[in-house]
Amino acid sequence: MPRNQPQQRGVAYFAAFLDLLGKKVVVVGGGRVAWGKVRALLPCQPAPLVVVAPKATQAIRRAANDGQLNWLQREYAAGDLAGASLAFGASDDRDLNARVAADARALGIPVLAVDDVPNCDFIAPALVRRGDLTIAISTSGRSPAMARRAREHLERALPPFWGDLLDVAAAARERLGATRSVVEPDAWQTGLGEVEDLVRRGEVREATEVLARKLEHSLFEPEPVQASQSGLVSLVGAGPGDPDLLTLRAVERLRAADVVVHDRLVSERVLEYAAPDAERIDVGKQPGGGGSTQSEINALLVDLGRQGRRVVRLKGGDPFVFGRGGEEVLALSRAGIAFEVVPGVSSALAAPAAAGIPVTHRGLSASVTVVNGHDADQHDWDALARSAGTLVFLMAVERLEQIAARLLNSGRRSDEPAALIEWATTARQRIVLAPLGELVATARAEGVEPPAVLVVGPTAAFASELSNSERVRIAEVARA
Ligand SMILES: C[S@@+](CC[C@H](N)C(=O)[O-])C[C@H]1O[C@@H](n2cnc3c(N)ncnc32)[C@H](O)[C@@H]1O
């Protein structure tokens, strides 16, 4: 008898992992959906794994030929379920699936009828696997789309080497034998954190050795492996804005951080990768003053490092491209604090790319120069103007008049293509195109504001053709 969904009955699902080794499992159906179930079942080695269907996909037929399953090439009959531990109604016929569910329930066999929650005794979760580490995701049967979204999010967040890290933890646990129950839970966490880098580099055997030794040591002298003594400050590039452009290492460091010290431009969606209980410190400099000074930030990082915390100093783009990352690592290095730099995708390259502008292009531009638009007096403008390649200016919006005038005075042509890319890679991205001679008037008329990247050079004209942004404004003269 079909029943209501558990939520409608006001109860929750119980999450469990089943041991199916050597147990009979029956899948009714031979199409793509049935193959999805079979593929998930094969590593669990049920025996026999029976597929009942008059027709089957090539993958199912191949598995049958390889002896991995028993394909009954005919219509389903109630007797097929005899002795089964689990059953799936996975055909494209809803009525047939419901019949399988009714037959299974009559025999007391847990059953799943696809896409038919009232005819399910259990639901199959979306899975994220790293070796033997398995994360099961369920929306309580309410939204497969949301389950897939969560899975894709976790796939990105979970480092690929964590399967190996699990092997290392398991091997160290085995080596500790009877003493393992005495090891402090915190010592495990600190130890695993310390060998992570070794495992990432593929040095699994060495990592096992180091972890086991540390844990054995902690049994007698717990002090040396206390978390409070192993601080690390990671200078992490947050990329230009879109969280998908974070590096895997950036995500990993964020998830492990005790404290995140971030700039104003780092988006909330990027910060969400930090653990909910991680402390967040916004040191962002405000446009008209406010925020922390650079020396205050340096002192803060040194202080947090001394406290032995795992600190992520999160900076927009790449930490070493106009990000004052150099000053921060010098301060850390001089104070003897352990630090590392995690490079990020710089807006200097990401903004042109997101606008469809190749910064180099055979025959048009053989070099790219990244220029600080704020410090106009520091540059050799004749040299910049003479360079035949692409010029990329950061922090240029407030000095556009000066930049355009200096380039034109130094010999760049007024019909040279130029592009401003505002809020690149975010939902607010906008591209404004104009020839250099019209750039200032067009930008001011369009109300371009920071953050924006200015590109000057022949390839800037590609944006009108190659950008898939709908928000492209092109000055009249540029079209002529
Ligand atoms: C202080 S600099 C930091 C640059 C950063 N370290 C990087 O590598 O992208 C800030 C400037 O970067 C540029 N910028 C950063 N993010 C941007 C974005 N999403 N869109 C356009 N420009 C951006 C702007 O020119 C802004 O004024």
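Residues numbered from 1 in each chain as written. Predicted model: local features only at pLDDT ≥ 70, side-chain atom pairs only at ≥ 80, totals over all residues.

Novice: How should the overall build of the chain be read in this particular structure?
Specialist: Each helix and strand counted, the chain has 17 helices and 18 strands in total. Computed over the C-alpha atoms, the radius of gyration of the chain is 30 Å, more than 25% above the 23 Å expected from 2.2 N^0.38 for a compact globule of 480 residues. Expressed as a percentage of its 480 residues, the buried residues of the chain come to 36%. When contacts within the chain are restricted to residue pairs at least 6 apart in sequence, those whose partners lie at least 24 apart make up 64%. (Helix = DSSP H or I, 4+ residues; strand = E, 2+ residues; numbered from the N terminus. Rg over C-alpha atoms; globule rule 2.2 N^0.38 Å. Buried ≥ 20, exposed ≤ 12 C-beta atoms within 10 Å, placed from the backbone. Contact = placed C-beta atoms within 7 Å.)

Novice: Can you walk me through helix α10 (residues 294–306) in this structure?
Specialist: Three- or four-residue spacings in an α-helix give side chains the same orientation, since the helix completes a turn every 3.6 residues. For α10, built from 13 residues, the straight-helix expectation of 18 Å at 1.5 Å per residue is met to within 8% by its first-to-last C-alpha distance of 18 Å. Along α10, the positions that sit buried rather than exposed are I297, N298, L301, L304 and G305. Buried residues of α10, seen end-on, are gathered within an arc of 135 degrees and therefore sit on one face of the element. Of the residues in α10, the exposed ones pointing more than 90 degrees away from the buried face are S295, E296 and R306. Residues of α10 that are buried make contact with β8 (232–237), β9 (259–262), β11 (310–315) and α11 (325–334). (Expected span 1.5 Å × (residues − 1). Arc of directions from axis to C-beta.)

Novice: I keep staring at the sheet that holds strand β10 (residues 279–282) and nothing clicks. Help me out?
Specialist: Across a sheet, strands are paired by hydrogen bonds formed along the backbone, either parallel or antiparallel in direction. Read across the open sheet, the five strands follow the order β10-β9-β11-β8-β12; overall the sheet is parallel. One side of each edge strand has no neighbouring strand; the edge strands of this open sheet are β10 and β12 (339–342). In this sheet, neighbouring strand axes are inclined to one another by 20 degrees on average, regardless of whether the strands run parallel or antiparallel. In the sheet, β9 pairs with β10 via four bridges, with the strands oriented parallel. Counted as the bridge partner of V261 is I281 from β10. Set on the sheet, α10 makes contact with β8, β9 and β11; between it and β11 the angle comes to about 155 degrees. Each of β8, β11 and β12 touches α11; the most contacted strand, β12, lies at about 160 degrees to it. (Pairing = 2+ DSSP bridges. Axes fitted to C-alpha atoms, helices over the stretch in contact; angles between N-to-C directions.)

Novice: I keep staring at the environment of A460 and nothing clicks. Help me out?
Specialist: Note that A460 resides in the loop between β17 (452–456) and α16 (462–466). Residue classification places A460 among the buried positions, given that 31 C-beta atoms sit within 10 Å.

Novice: Hey, could you run me through the sheet that holds strand β3 (residues 70–72) in this one?
Specialist: Taken in spatial order, the five strands of this open sheet run β3-β2-β1-β4-β5, and their pairing is parallel. Each of the sheet's edge strands pairs with one partner strand only, and the pair in question is β3 and β5 (111–113). Averaged over all neighbouring strand pairs, the angle between strand axes comes to 15 degrees, with direction disregarded. Bridge count for strand β4 (residues 86–89) against β5 is three bridges, and the pairing is parallel. The residue bridging F88 from the neighbouring strand is L112, located in β5. Strands in contact with helix α1 (residues 32–41) are β1 (25–28), β2 (49–52) and β4; relative to β1, the strand with the most contacts, it is inclined by about 160 degrees.

Novice: Looking at this model, I keep getting lost on the site of the ligand. Mind explaining?
Specialist: Lining the immediate environment of the ligand, one finds 25 residues, of which G317, V321, S346, S347 and A424 sit closest. Among the elements that make up the shell around the ligand, the one with the highest residue count is helix α12 (residues 347–354) (three residues). Counting residues domain by domain, the shell around the ligand receives three or more from each of domain 3 (232–345) and domain 4 (349–479). (Near = placed C-beta within 6 Å. Domains from an automatic or database assignment.)

Novice: Explain the packing of α1 against helix α2 (residues 58–65) to me, please; I cannot follow it from the model alone.
Specialist: How two helices sit against one another is set out by the angle between their axes and by the gap between those axes. Running from N to C, α1 and α2 cross one another at 40 degrees; their axes reach a closest spacing of 9 Å. Taken together, the axis directions place α1 and α2 in an arrangement best described as oblique. Between α1 and α2, the residues in contact are A34, W35 and V38 and A59, I60 and A63, respectively. Its residues assigned to classes, the contact of α1 with α2 comprises six nonpolar, no polar and no charged. (Parallel < 35°, antiparallel > 145°, perpendicular 65-115°, else oblique. Nonpolar A, V, L, I, M, F, W, Y, C, P; charged D, E, K, R; others polar.)

Novice: Can you help me understand the domain arrangement of the chain in this one?
Specialist: For interface size, the figure often reported is the accessible area lost on association. Here the chain is partitioned into domain 1 (1–124), domain 2 (162–229), domain 3 (232–345) and domain 4 (349–479). Here the C-alpha centroids of domain 1 and domain 4 sit 59 Å apart.

Novice: Got a minute to help me understand the confidence of the model for the chain in this structure?
Specialist: Low pLDDT marks stretches whose predicted atomic positions should not be read closely. Residue-level pLDDT values for the chain average 90, and 90% of them are 70 or greater. Contacts of residues 222–229 to residues separated by more than four positions or lying in other chains number 14 contacts, the stretch itself having pLDDT below 50. When the criterion is pLDDT under 50, residues 476–480 qualifies, and its contacts beyond four places in sequence or with other chains add up to eight contacts. (pLDDT = per-residue confidence, 0-100.)

Novice: How do you make sense of the nonpolar core when you look at a structure like this?
Specialist: Soluble, globular proteins show a tendency: their nonpolar side chains are buried together. Core analysis: the biggest nonpolar cluster contains 42 residues, and A418, A419, I421, V453, L454 and V455 have the highest contact counts within it. Of all the secondary structure elements, the ones that give two or more residues to this core are α12, β14 (390–394), α14 (400–409), β15 (417–422), β16 (430–435), α15 (439–446), β17 and α16. Ranked by residues supplied to this core, first place goes to β17 with five residues. Ignoring anything within four residues of it in the chain, the contact list for V455 reads P352, I357, T390, V392, A418, A419 and A460. (Core = buried A, V, L, I, M, F, W, Y, C linked by C-beta atoms within 7 Å.)

Novice: Whenever I open this one, the packing of helix α5 (residues 162–176) against helix α6 (residues 185–200) confuses me. Can you help?
Specialist: The N-to-C vectors of α5 and α6 enclose an angle of 125 degrees; their axes lie 10 Å apart at closest approach. By the angle between their directions, the pair α5 and α6 is classed as oblique. Crossing hand, α5 versus α6: right-handed. Residues D164, L165, V168 and A169 of α5 pack against L192, V195, E196 and V199 of α6. (Left-handed = near helix turned anticlockwise from the far one by under 90°.)

Novice: Just checking my understanding: could you explain the environment of V302 for this structure?
Specialist: Tracing the backbone shows V302 in helix α10. Taking the C-beta count within 10 Å as the criterion, V302 has 19 such neighbours and is therefore assigned partly exposed. Here the alpha-carbon distance between V302 and A335, two residues 33 residues apart in the chain, equals 6.8 Å. For V302, the contacting residues outside a window of four places in its chain are A331, L332, A335 and I337.

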